[in-house]
Amino acid sequence: MREEYSHVRDALEYDEVGADADTESAATAADLGLRPVPTSYSTYSQLDRRGTSRKEILGWLSFALGAEPFAVAAVGIYLPILLEQLARDKSVLADDHSVTCQYSGDVPGPSPGPPPNSDAERYCVTPALGFYVHPASFALYTFSISVFLQAIVVISMSGAADRGSYRKSLLLAFSCLGGLSSILLIAAVPSAYYFASFLTIVGNVSFGAVAVCGNAFLPVLVRNHPDVLSAEAGHELYSPESFSHTTESSSSALTVTESAPDDALQSSKPPVVADIPETFESFPPNTVDPDARSFFDHTANDAAAEKSAEISNHLSGMGVACGYLSAFIVQTSGVIFVAAMGSSMLSIRLVLLGIGVWWLLFTIPTALFMRPRPGPRLHIRDKEKVVVRYVTYAWKTLWRTAKEVRKLRDVVLYLTGWFILSDSATTINATSILFARTELHMKPAALAVVGIITMVFGVVGAIVFSRYVQKYLNIPPNKVIMLIVGMTTLIPAYGLLGFVTDKIGLHHPWEIYVLAAIYGMALGGMSSVCRSVFSMLIPHGKESTFFSLYAVTDKGSSIIGPTITAMITDRTHNIRYTFYFLFILLLISMPIFYSLDVERGMRDAQRFGEEEEEVPVEDEQIHI
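1. Re the overall build of the chain
Helices and strands together make up the secondary structure of the chain, namely 18 helices and 10 strands. Every one of the 624 residues in the chain was classed for burial, and the buried ones make up 52%. Of all intrachain contacts in the chain linking residues separated by at least 6 positions in sequence, the fraction that spans at least 24 positions is 80%. Of the roughly 27100 Å² of accessible surface on the chain, a fraction of 62% belongs to carbon and sulfur atoms.

2. Some thoughts on the side chain of Arg-349
Residue placement: Arg-349 occurs in helix α9 (residues 345-369). Put simply, Arg-349 is tucked away with no salt bridge, and the nearest opposite charge, on Asp-89, sits 7.8 Å away. Among residues more than four places away in sequence, those in contact with Arg-349 are Leu-82, Leu-185, Ile-186 and Ala-188.

3. Let's talk about helix α14 (residues 509-536)
Helix length check: α14 (28 residues) gives 41 Å between terminal C-alpha atoms against 40 Å at 1.5 Å per residue, within 8%. Along α14, the sharpest change in direction is near 25° and occurs at Met-526.

4. A short note on the packing of aromatic side chains
Evaluation of the coordinates by the stated rule reveals 13 aromatic pairs. The interplanar angle of 40° and the centroid separation of 5.2 Å between the aromatic rings of Phe-70 and Trp-359 together place this pair among those described as tilted. Of the two residues, Phe-70 is situated in helix α2 (residues 54-89) and Trp-359 in helix α9; the sequence distance between them amounts to 289 residues. A relative accessible area of 1% places Phe-70 in the buried class. Residue class for Trp-359 comes out buried when judged on its relative accessible area of 1%. Between the aromatic rings of Trp-358 and Phe-362, the centroid separation amounts to 4.9 Å while the plane-to-plane angle is 40°, which identifies the pairing as tilted. Within this pair, Trp-358 and its partner Phe-362 are both found in helix α9, separated by 4 residues, close to a single helical turn. We classify Trp-358 as partly exposed; its relative accessible area is 24%. Looking at Phe-362, the relative accessible area reads 23%, which means it is partly exposed. Lying across the ring of Phe-217, Arg-167 places its NZ or CZ 5.2 Å from the centre. The ring centre of Phe-499 lies 5.9 Å from the NZ or CZ of Arg-576, which sits over that ring.

5. Re the pairing of strand β2 (residues 96-100)
Bridge count for strand β1 (residues 92-93) against β2 is 2 bridges, and the pairing is antiparallel. Note on β2: the bridge partner recorded for Leu-93 is Asp-96. Following β1, the chain reverses through 2 residues before pairing antiparallel with β2.

6. Topic: the state of the cysteines
For the coordinates displayed, the defined rule picks out 1 disulfide. One disulfide in the model links Cys-101 with Cys-124; its S-S distance is 2.2 Å. Between Cys-101 and Cys-124, the disulfide has an S-S torsion of -95° and is therefore left-handed. Of this pair, Cys-101 sits in the loop between β2 and β3 (102-104) while Cys-124 is found in strand β5 (residues 124-128), placing the two residues 23 residues apart along the sequence.

7. Concerning the pattern of salt bridges
Within the structure shown, the criterion is met by 5 salt bridges. Between Glu-84 and Arg-88 there is a salt bridge, with the nearest N and O atoms lying 2.5 Å from each other. Of the two residues, Glu-84 and Arg-88 are both situated in helix α2; the distance of 4 residues between them amounts to about one turn of the helix. What makes Glu-84 buried here is its relative accessible area of 1%. The buried category is assigned to Arg-88, whose relative accessible area is 1%. Among the charged side chains, a network of salt bridges with common partners joins Glu-84, Arg-88 and Arg-437.

8. A closer look at the packing of helix α12 (residues 444-473) against α14
Interhelical geometry of α12 versus α14 gives an angle of 40° and a closest axis separation of 6 Å. Accordingly, the angle class assigned to the pair α12 and α14 is oblique. Here α12 and α14 pass one another in a crossing that is right-handed. Where α12 approaches α14, its residues Ala-446, Val-449, Val-450, Ile-453, Thr-454, Phe-457, Gly-458, Val-460, Gly-461, Ala-462, Phe-465 and Ser-466 are matched on the opposing element by Ile-512, Tyr-513, Ala-516, Ala-517, Tyr-519, Gly-520, Met-521, Gly-524, Gly-525, Ser-528 and Val-529. Its residues placed into classes, the contact of α12 with α14 shows 15 nonpolar, 8 polar and no charged.

9. As for the side chain of Ser-206
Along the chain, Ser-206 turns up in helix α5 (residues 193-223). Residue classification places Ser-206 among the buried positions, given a relative accessible area of 1%. When near neighbours in sequence (up to four residues on either side) are disregarded, Ser-206 contacts Phe-174, Leu-177, Gly-178 and Trp-359.

10. Brief notes about the environment of Leu-360
Relative to the helices and strands, Leu-360 resides in helix α9. It is 9.4 Å that separates the C-alpha atoms of Leu-360 and Leu-172, two residues lying 188 residues apart in sequence. Residues contacting Leu-360, with those up to four places away along its chain left out, are Ser-175, Cys-176, Gly-179, Leu-180 and Ile-183.

11. Regarding the sheet that holds β1
A sheet is described by the order of its strands in space; here 4 strands give the open sequence β2-β1-β5-β6, paired in antiparallel fashion. Edge positions in the sheet fall to β2 and β6 (131-133), since each has one partner strand and no second.

12. Comments concerning the confidence of the model for the chain
A residue-level look at the chain finds 72% of positions with pLDDT of 70 or above and a mean pLDDT of 75. Here residues 1-45 scores under 50 on pLDDT; set against residues more than four positions off or in separate chains, the count is 93 contacts. Across residues 104-122, confidence stays below pLDDT 50; counting only partners more than four residues off in sequence or on other chains, it has 35 contacts.

Rules and cut-offs
Residues numbered from 1 in each chain as written. Predicted model: local features only at pLDDT ≥ 70, side-chain atom pairs only at ≥ 80, totals over all residues. Heavy atoms only, no water. Helix = DSSP H or I, 4+ residues; strand = E, 2+ residues; numbered from the N terminus. Buried < 20%, exposed > 50% of the residue type's maximum accessible area, 1.4 Å probe, protein only. Contact = heavy atoms within 4.5 Å. Areas by Shrake-Rupley, 256 points an atom, 1.4 Å probe, with all protein chains shown as cover. Lys, Arg positive; Asp, Glu negative; His and termini not counted. Salt bridge = Lys/Arg side-chain N within 4 Å of Asp/Glu carboxyl O. Expected span 1.5 Å × (residues − 1). Bend = angle between axes of the 7 residues up to and from the residue. Phe/Tyr/Trp six-rings, centres within 6.5 Å; stacked < 30°, edge-to-face > 60°. Lys NZ or Arg CZ within 6 Å of the ring centre and 35° of its normal. Pairing = 2+ DSSP bridges. Disulfide = S-S within 2.5 Å. Axes fitted to C-alpha atoms, helices over the stretch in contact; angles between N-to-C directions. Parallel < 35°, antiparallel > 145°, perpendicular 65-115°, else oblique. Left-handed = near helix turned anticlockwise from the far one by under 90°. Nonpolar A, V, L, I, M, F, W, Y, C, P; charged D, E, K, R; others polar. pLDDT = per-residue confidence, 0-100.

In structure tokens, the structure reads:
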């Protein structure tokens, strides 16, 4: 029996919490001839190394099914419309704040007074925290604040998401908070437009936190996937073709079957405890030893690394596909519902309520099927300051990563260009929706159709740019990004034509639909190509650390664009002027990406990784 199970010695490791579970695991280990984990290894005793189950994968996919419609449908379409309309309903004339701007239905424009298309409409302002802002600016300021707070929360909680047993708890808590905030928007009436702004901020912050926690599960699920464990052990314990498989023996069997009651991918026997090198017997308190990460990095050999990349791409692709499918279903249903109710504000609030319920419902499978999968805990003496310690660890890790990035020229160039490009793309979406609402007077149902067009062409763009453009044009990756930037620049450039002629240049609703297709293509290309290029520039073993900075750059940049756009709108009372800012911003990113040399960056990353391997472990510790 010992020989039969020797190949799982270093592949399976788990220590249940509780005396009964400890006894059972120890007994199982003894039966197999393995020694149990000594108490001195308690730092890592909660690491769950059971094989990833089919139910667990479904639970992980469920979080994307629930959260993605909020980002695509709510934040992308319905919340900007709702916030702008609520602010407009409470607006007053800019030159006489005692006169309330009154509107006829959903058509912008003060009444009594000139018709909606006159300049008088642009001089309606809304009181906001002691200032008077354009109704469209109120929505933009709200999103700027939400993104700023989102970045703060995401960075602060990243330590708890990676270390300890809080990852699942945070995922469920923020999912519930985000879903409830969307549901409560049913009470968003003009007199409560501050309340609607607050709920929008809470929902957007919650979505960012959920995305971080959910993405943090991906490498854990990959690392414990049966195919990866099999590759690490050097045996074909699991079939790569199917999740249903059985390995038999004369005396006992380690079985993986479809009929397993709890875990379709996991052993029917209790998990065993692997041998642990004596060098990990103890660690000094109040330190985080990165060498612990290497101990639990189960992709040390080439076969396991290749299998990990394969499984990671597969699961990541499934998550993206499920998110897009869910958003498409919700968005399409919302269009039909809003159109049936005459594009009223009540219909938008009801759709947001439905999005919140949808989010909560898909959180249930996540709660039921996903294991907590705790990471290595931080060494914290003062348990009363555990929150402070985790937050401190997160910010110190970010600072340490930023210092590492400075040594890599092309990573700095890329992140600078991505900061600008990501900010521009995010701002274009919000600005275009508000422009179509305020200038072209498009109904909410028509704007929801714009969102669907963007989504569909986003999938097309992701496929075209990632699979065909570079291959057939035979251009380097940075030139592909420049091509995407050029396509995105067409949108604000076309809007600026409206200052020259009234024939074209966003004077007609049909033009928005055409630009939505172009924007979707460019956005899909960004999602696929940009992340892939950045992954080429990362030193081996630093993937998670560098991608955390990538995410911070992505989220943090979205603060600037909406804020400046709102200020321009407040100053000019004409949202079309914001296209100048967006056009210039995109042009600035072009020479940055032109200077990017991916091959040079890959060589620098390889040298950096080799140098890091020679750094003593003591120099890598982060003291908290």
